[in-house]
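Descriptive analysis of the structure
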Amino acid sequence: AQTAAAVTYLSADRLIDVENGRVIESPLVTIDGNRIVSVLPDATPPEGAIRLQGATLLPGLMDMHVHLTGSADQHGYRRLARTAVRSAITGVKNARTSLDAGFTTMRNLGAQGYADVALRDAINDGDVPGPRLFVSGPAIGITGGHCDNNLLTHEFDAKGGGVADGPWGVRAKVRENLKFGADLIKLCATGGVMSKGTEPGAQQLALEEMQAAVAEARNRGVIVAAHAHGTEGIKAAIRAGVNSVEHASFLDSEAIRLAKKHGTVLSMDIYVTEYILSEGEKAGILPESLEKERRVGSRQRESFREAVDAGVKMVFGSDAAVYPHGENPRQFSRMVEFGMTPLQALQAATINAAELLGQQENLGSIREGKLADIVAVPGNPLEDIGVMEKVQFVMKDGTVYKNDAVTF
Ligand code: ARG
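Residues numbered from 1 in each chain as written. Predicted model: local features only at pLDDT ≥ 70, side-chain atom pairs only at ≥ 80, totals over all residues. Heavy atoms only, no water.

**What to know about the nonpolar core**
Counted only if it meets this: Among the buried residues, those of types Ala, Val, Leu, Ile, Met, Phe, Trp, Tyr and Cys that are joined through side-chain atoms within 4.5 Å form a nonpolar core. When accessible area is computed with a 1.4 Å probe and restricted to protein chains, residues below 20% of their type maximum are described as buried, those above 50% as exposed, and intermediate ones as partly exposed. The numbering of helices and of strands both runs from the N terminus, where a helix is a DSSP run of H or I of at least 4 residues and a strand a run of E of at least 2. Boundaries of every domain are those given by an automatic assignment or by a domain database. In this analysis, two residues are considered to be in contact whenever any of their non-hydrogen atoms come within 4.5 Å of each other.
Core analysis: the biggest nonpolar cluster contains 77 residues, and Ile185, Leu187, Leu251, Leu266, Phe304 and Phe332 have the highest contact counts within it. Among the elements that take part in this core, helix α5 (residues 231–240) stands out by supplying five residues, more than any other. Taken domain by domain, this core gets at least three of its residues from each of domain 1 (7–60 + 364–403) and domain 2 (61–356). Excluding residues that lie within four positions of it along the chain, Leu187 makes contacts with Ile140, Leu205, Met210, Ala213, Val224, Ala225, Ala226, His227 and Val242.

Below, the structure is given as structure tokens:
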């Protein structure tokens, strides 16, 4: 990576202003250190400018649901052979891969042993390259739930790091996660696909437990994300006041109405089903998980379309780790296939995500005063969303990490 020069000039064929839904032709972006100082249309680039021919500039992409310390070759029982320390080192590799794919900000929703906190700090300290990370620490959920470790018999006494029961137990776990460096809280409101012995449709954390978690998080000024597939768990999470619902597979009209009323954001990982059903068996995914995916995936895509049609706030969340890191952008075309305009899909991965994180002053668009997180793709994603899989230029915090574009 090149270090940020005092002033950098960046020009391309066009720039997408995701906040106003406009295209700026022949833009010139001026960056001073790590901040954007101006964005001009129809500009002639000065001497020394980075000129990206045929390219579109976009705000750095933001994926609101990943597990950088997990990988797609560590499913089912294979996970038991991996320590949290080892997973942090995997995270170093996955952070670089994700940055190269265009993701300059990610929300990491669940890691054992605070490996995510260590990775975030190593990136912030400049030891390793990676996206800006907002991390949860161990995901909080009930004994035997989706976020517990249910693979072994009781003799082994295995237990997920985020297991808590009862409102006070959950409050204590929120406090513990914040003590050890979490930026936000992840709850498991229902069973899941990948966990052993849980039912995606069944609620797990009770309303009172989620209310306790949300109250504690609010006191501390952090946001809450809730994993929820089943309808009742989704509604309970929304009523408890979580900021985002992850997966949101079995929506009904009441759940959609509640999400709109409470301003709850949905983060729906609609690409991953294709990987699980085609590669999952080879990757060691449990047979019961494959069976559950067959019930969840197609229904989730219908829910996605209904939520988009109803105008629910959506962010881009991939659940990368279940499938290989760096393939996150494949979800853009599915988001368009299942109901979004290309602009809406780009907004989900930029400005909407910045708002969810409370970072709209710094992130989510290419605008004067914001941090210089900028990527480029060949061609125009508003005409062909598939180009999102070909990110050729990545700048984070004013530093260029990748430039495969044609420059002149
Ligand atoms: N982590 C999620 C779970 O285990 C993955 C769900 C993937 N399937 C889907 N259709 N989104 O529940």
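**Regarding the side chain of Asp116**
The following threshold applies: In this tally Asp and Glu are treated as negative and Lys and Arg as positive; neither His nor the chain ends contributes. The term salt bridge refers to a side-chain nitrogen of Lys or Arg lying within 4 Å of a carboxyl oxygen of Asp or Glu. Between N or O atoms, a polar contact is any pair within 3.5 Å; within protein, one atom must be a potential hydrogen donor and the other a potential acceptor, and residues adjacent in sequence are included only when both atoms are from side chains.
As for its position among the elements, Asp116 is in helix α2 (residues 115–124). For the buried Asp116, no salt bridge exists, and the shortest N-O distance to an oppositely charged side chain is 7.5 Å, to Arg120. In this structure the side chain of Asp116 is engaged in a polar contact, spanning 2.7 Å, whose partner is the backbone nitrogen of Gly137.

**Regarding the sheet that holds strand β12 (residues 265–267)**
How we decide: We call two strands paired when DSSP finds no fewer than two bridges between them.
What the five strands build is an open sheet, ordered β9-β10-β11-β12-β13; its pairing is parallel. The sheet terminates laterally at β9 (185–188) and β13 (314–315), the two strands that pair on one side only. With three bridges connecting them, strand β11 (residues 244–247) and β12 associate as parallel partners. Looking across to β12, one finds that Val245 is bridged to Leu266.

**A look at the packing of aromatic side chains**
Two aromatic rings are characterised by how far apart their centres lie and by the angle between their planes. Keep this limit in mind: Working definition: rings of Phe, Tyr and Trp (its six-membered ring) pair if their centres are within 6.5 Å, and the pair is stacked with planes under 30 degrees apart, edge-to-face with planes over 60 apart, and tilted otherwise.
Counted under the stated rule, the structure contains five aromatic pairs. Ring centres 5.7 Å apart and planes at 40 degrees place the aromatic pair Phe103 and Phe316 in the tilted group. Remark: Phe316 occurs in the loop between β13 and α9 (330–337) and Phe103 occurs in strand β7 (residues 103–108); sequence separation between them is 213 residues. Between Phe316 and Phe332, the ring centres sit 4.6 Å apart and the planes meet at 35 degrees, which makes this aromatic pair tilted. Of this pair, Phe316 sits in the loop between β13 and α9 while Phe332 sits in helix α9, and the two are 16 residues apart along the sequence. Here Phe316 falls in the buried class, since its relative accessible area comes to 0%. One aromatic cluster is present, formed by Phe103, Phe316 and Phe332 through successive ring pairs.

**Focus on the domain arrangement of the chain**
Where we set the bar: By the convention adopted, Pro, Cys, Tyr, Trp, Phe, Met, Ile, Leu, Val and Ala count as nonpolar, Lys, Arg, Asp and Glu as charged, and the other residues, Gly among them, as polar.
Looking at the assigned domains, one finds that the chain contains domain 1 (7–60 + 364–403) and domain 2 (61–356). On a C-alpha basis, the centres of domain 1 and domain 2 stand 29 Å from each other. Taken together, the contact pairs 25 residues of domain 1 with 28 residues of domain 2. Between domain 1 and domain 2 we count two salt bridges in total. Its salt-bridge partner being Asp373, residue Arg132 comes within 2.7 Å of it at the nearest N-O pair. Counting the contacts that link domain 1 with domain 2 gives eight residue pairs in polar contact (both at pLDDT 80 or more). Of all elements in the fold, only β5 (50–59), β15 (393–396) and β16 (399–403) reach the threshold of two or more residues within the side of domain 1 that touches domain 2. Top contributing element to the side of domain 1 that touches domain 2 by residue count: β15, with three residues. In terms of residue class, the side of domain 1 that touches domain 2 is built from 14 nonpolar, four polar and seven charged.

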